[in-house]
Every structure is written in C-alpha cells, then in structure tokens.
Amino acid sequence: MTDTETPRYTRADFQSNQEVRWCPGCGDYTILASVQTFLAEAGLDREKVVFVSGIGCSSRFPYYMSTYGFHGIHGRAPAIASGIALANPSLSVWVVTGDGDALSIGGNHIIHTMRRNLNIKVLLFNNQIYGLTKGQFSPTSEFGKRTKSSPTGALGRPFNPISLALGAEATFVARTIDMDRPHTIEVLRRAYQHRGSAFIEIYQNCNVFNDKAFAELTGKDQRLANRINLEHGKPVVFGPNQDKGVVLGASGARVVDVAEVGLEALHVHDEHAPDPATAFALSRLSHGPHGPTPIGVFRDVQRSLYEDELQRQVSDTQGGRGPADLSELIRQTGTWAAN
C-alpha cells in the first residue's frame, strides 16, 4: 500500500464485540493491539484469517479478533491448525499459545509443526509463569523460581523456546517484546510474508504473578545495555555506545568489548544461513531475559512446504499410479505369525 492509498481496514475492523478480559496492565493487551494493527496495515481479508488457541490466558485471543477462530484444548492448537492449513491452504493460519500450553502438554505438537514446515505462524506468549491457573512455575521459569507449586524453588532447567524452534528446523524464528509495538508489528509482517513455519517468541509481562520479569530488556536504563538487536548483514553490536559485540568461536557465541577485538572480528548476522547452527549459537547467549539477549529475526530460510508436498503426492497418485490397494497392502510379505 502506498502513502496515497486509503487503507482497506483499520484496527477497529479486526476488533470483535467481545469484552477483552485480561488483568489490567497485562502484556496481552499490547500484543492484541499489535496484531490487529498489523492485520489492518497488511490489508488481509478477515475471512481469510484464522486464529487457533489452546488453553491459557493467551488462548482467549480468538474471541477478541474479528476473524475466524478456534479455541481448542490444552496444547493441541498446532494439531488443529495443521488440519486447517492442509484443508484450505489459501487461509492465513495463526496459532496463539503460551509457554505452558505450547512447551508442556503441547511440546510434541509444536515441535512437529515446525519440523514439517507447515505454513502456520506460531505466536508464543512467554511470561515464564502459569497465569491462568494462578502462578505456578512453567517450562520457561528460571531455575530456583519460587511459586505456589515450587515454594522452595523450581528444580527443572527452563526451555529456551528459540533454541527449541531452531532445533526443530523451523524456517522462520524470531523474538520480540510485548511493549515494543513497532518491532512486534515488523516481526509479524516478516512472519506473514514467509512461506513456511514461523515461530515468534513474544516476551509478555504478567504483572500479577511475574511482574517485571523482562525489566532488563524493557527498563529505561537497562535495555540499552542488554538488548541485542539482530539485523541481517550487519555486525552484532549493542550497548549504550555500541561498544559491545558478539563473536563466534568453537565454544559458541560470546560477548566482547569492540575496542578489544575490533569491529572486523564481530559476527555478521546472516538470517538466511541454511544451517541453523549459528542462529542456535546466538540463541544460547542467554537462557532467559537476563543480561545481553538477542531480539529480532534469528532465521529466515526457504524449504519445501508440507502442503505443497502433499498436493504433489496426491497429484502423482491421481495422475497414473492410482489409489493404493488396501488388500494388497494387507497381504504383502511384511506380516508374520506369532505362536
């Protein structure tokens, strides 16, 4: 859309008539506004968009969108979304999930959705806590986290959602922050334009049960020292005076002083690198929102789409091979008798 064109939609066109019911001050409000704004600016037809959710605070999302939506069961949103994407590839299918919904009971589903490279966009709201059930530790809660279900400290080591998505070979992987609406909208635009699985981790503040969990990346004084903005084709530098940088070595990625190593020694970010190893190394700079933490697009590569491969397989069958013979399959030599 050019500057002189009248937008087809406004954000209000994507707002449903349902009362938005999250705790006052919840980061979900900002994410909702960012998604609605993005959809309006992109000019997507509302009847071509589907939001699918599981269980959790974030899973109220479909009710607040004036699009198609499906509120599923705990952890199963990726499976439902997969069926929708395969049945109607013309739809823009989005999964809205939380760190508990996606990475606990839904861990298997989320991994295989990424692995298959279905044309599905996953928005993972990560507040590092179970909010809907009132403050238990989640798969992304830090070690030693004291909660109602871990009064003496959580013992499990937390998932790194970005590392998990990269390990599952997701073809688009990014991270953003709820209160940074311009950045979130840009990441959403990139994910929508990407043809294949897209995984976006959104750091989302739960001001009731885990307030200020991301203060090191959002605080006025702290964010300049800790937020690493990944930009394709540029050296990875950060800090108030751009005096810190990232280098890669045999032991992975590490933070250095630019003055000590020189600008030419810094890693130049390549989000299109076919091998996810470098992006994975960057994701391991921090295992949570503490200290220097990369934000932005880690990976954006192209790979054959699951839907396309399925259609090709169906076409080949109809084009000469014919349907499979079930009786022949049953009687093939790969059977045996048990005594």
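Located above this text is the structure these notes cover.
Residues numbered from 1 in each chain as written. Predicted model: local features only at pLDDT ≥ 70, side-chain atom pairs only at ≥ 80, totals over all residues. Heavy atoms only, no water.

Visitor: Would you explain the overall build of the protein in this entry?
Guide: When helices and strands are tallied, the protein shows 12 helices and 11 strands. The C-alpha atoms of the protein give 22 Å as radius of gyration, which agrees with the globular expectation for 339 residues (20 Å, within 12%). Burial status across the protein gives 48% buried among its 339 residues. Within the protein, residue pairs in contact and separated by at least 24 positions form 68% of the contacts whose partners lie at least 6 positions apart. (Helix = DSSP H or I, 4+ residues; strand = E, 2+ residues; numbered from the N terminus. Rg over C-alpha atoms; globule rule 2.2 N^0.38 Å. Buried < 20%, exposed > 50% of the residue type's maximum accessible area, 1.4 Å probe, protein only. Contact = heavy atoms within 4.5 Å.)

Visitor: Whenever I open this one, the environment of Ala 79 confuses me. Can you help?
Guide: Topologically, Ala 79 is positioned in helix α2 (residues 77-87). Considering only alpha carbons, one finds Ala 79 and Thr 113, 34 residues apart in sequence, at a separation of 7.7 Å.

Visitor: Please explain a positive patch on the surface as it appears in this structure.
Guide: Side chains of Arg 21, Arg 60, Lys 134 and Lys 148 sit close together on the surface and give a patch of like positive charge. For Arg 21, the position within the fold is in the segment before α1 (27-42). (Patch = residues over 30% accessible without salt bridge, like charges linked within 9 Å, V, L, I, M, F, W, Y side chains within 5 Å. Areas by Shrake-Rupley, 256 points an atom, 1.4 Å probe, with all protein chains shown as cover. Salt bridge = Lys/Arg side-chain N within 4 Å of Asp/Glu carboxyl O. Lys, Arg positive; Asp, Glu negative; His and termini not counted. Charge placed at Lys NZ, Arg CZ, Asp CG, Glu CD.)

Visitor: So what exactly am I meant to see when it comes to the pairing of strand β3 (residues 92-98) here?
Guide: Along any regular strand the residues' side chains alternate between the sheet's two faces. Most of β3 sits inside the fold, with seven of its seven residues counted as buried. Burial along β3 is two-sided: the face carrying Ser 92, Trp 94, Val 96 and Gly 98 and the face carrying Val 93, Val 95 and Thr 97 are both buried. Inspection of the sheet shows strand β1 (residues 49-53) paired to β3 by five bridges, in the parallel sense. Along β3, the bridge assignment pairs Val 52 with Val 95. Pairing of β3 with strand β4 (residues 120-126) involves six bridges; the strand directions are parallel. Within β4, the position partnered with Gly 98 by the bridge is Phe 125. (Pairing = 2+ DSSP bridges.)

Limitation: the analysis is restricted to geometry and does not speak to function.
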